[in-house]
Amino acid sequence: MSLPTDAELNAIGVLRRRLIEARVLAPVLEALSARFGRNEVLAVATEVIVALAEKQGAELAGHVGGCSLHHFEGTLERWQADDALRIAVKESTPERLAFDVTRCRYAEMYRELGIPELGAILSCNRDAALMGGFNPDVAFTRTQTIMGGASHCDFVYSLTRAPAPAPY
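A quick note: this is a predicted structure, and the numbers were derived from the prediction, not measured.

### Quick word on the confidence of the model for the protein
Argument step 1. Mean pLDDT over the protein stands at 92; residues scoring 70 or higher make up 93%.
Argument step 2. When mean pLDDT is compared element by element in the protein, strand β2 (residues 96-104) scores highest at 98, while helix α1 (residues 6-11) scores lowest at 67.

Here it is as structure tokens:
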């Protein structure tokens, strides 16, 4: 048996991947929490998810051939597949990318599964770490999330350091 390629995994869509992950992880985290304490288990789960997201961000930059905000903006369709996110871009320049998520089926899915508190750990926590791996010279800010009960998520990515000049 050969492992699926990134393209094959991406073909099922991120929303379906998160559903499969959540259906496995939620009962595992619950069982571990009963034995070792919820706060400790969730802290470890958060560390693991963040580390995975950072690694995936670096891999994504390599896959799309660059780490500019323009390159990153081109990847947004991955998270929008299956109408998983509805995004309204507010600003798109080489130094800044800002958009609102006006619908989040990820949040809806975690609520339907009865694990809304895990949604932030399994999905929202990935956002800053993913960018950290994609381009460490980009700062990420978000002041609210649908997962946390807001009407929308407000994403802002800002280049903190000018890109190095291209070699001659």
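### Describing the pattern of salt bridges
Argument step 1. In this structure the tally under the stated criterion is 11 salt bridges.
Argument step 2. Between Glu-30 and Arg-38 there is a salt bridge; the shortest N-O distance is 3.5 Å.
Argument step 3. By relative accessible area, which is 30% here, Arg-38 ends up partly exposed.
Argument step 4. A salt bridge links Arg-38 to Glu-117, with the nearest nitrogen and oxygen atoms 3.3 Å apart. Of this pair, Arg-38 sits in helix α3 (residues 38-64) while Glu-117 sits in helix α7 (residues 116-124); the two residues are 79 residues apart in sequence, bridging distant segments of the chain.
Argument step 5. On the basis of relative accessible area, Glu-117 is assigned to the partly exposed category, the value being 44%.
Argument step 6. Within the structure, one salt-bridge network assembled from shared partners comprises Asp-83, Arg-86, Arg-103 and Glu-108.

### Details of the packing of aromatic side chains
Argument step 1. Tallied over the full model, the rule gives eight aromatic pairs.
Argument step 2. Relative to Phe-134, the ring of Phe-72 has its centre 5.2 Å away and its plane inclined at 65°; by these criteria the two rings are edge-to-face. Of this pair, Phe-72 sits in helix α4 (residues 69-73) while Phe-134 sits in helix α8 (residues 126-134); the two residues are 62 residues apart in sequence, bridging distant segments of the chain.
Argument step 3. Classification of Phe-72 as buried rests on a relative accessible area of 2%.
Argument step 4. For Phe-134, a relative accessible area of 2% corresponds to the buried category.
Argument step 5. In this structure an aromatic cluster arises from ring pairing among Phe-72, Trp-79, Phe-99, Phe-134, Phe-140, Phe-155 and Tyr-157.
Argument step 6. The residue whose ring lies beneath Arg-142 is Phe-155, and the NZ or CZ to ring-centre distance is 5.1 Å.

Reading the values: the criteria
- Residues numbered from 1 in each chain as written.
- Predicted model: local features only at pLDDT ≥ 70, side-chain atom pairs only at ≥ 80, totals over all residues.
- Heavy atoms only, no water.
- pLDDT = per-residue confidence, 0-100.
- Helix = DSSP H or I, 4+ residues; strand = E, 2+ residues; numbered from the N terminus.
- Salt bridge = Lys/Arg side-chain N within 4 Å of Asp/Glu carboxyl O.
- Buried < 20%, exposed > 50% of the residue type's maximum accessible area, 1.4 Å probe, protein only.
- Phe/Tyr/Trp six-rings, centres within 6.5 Å; stacked < 30°, edge-to-face > 60°.
- Lys NZ or Arg CZ within 6 Å of the ring centre and 35° of its normal.

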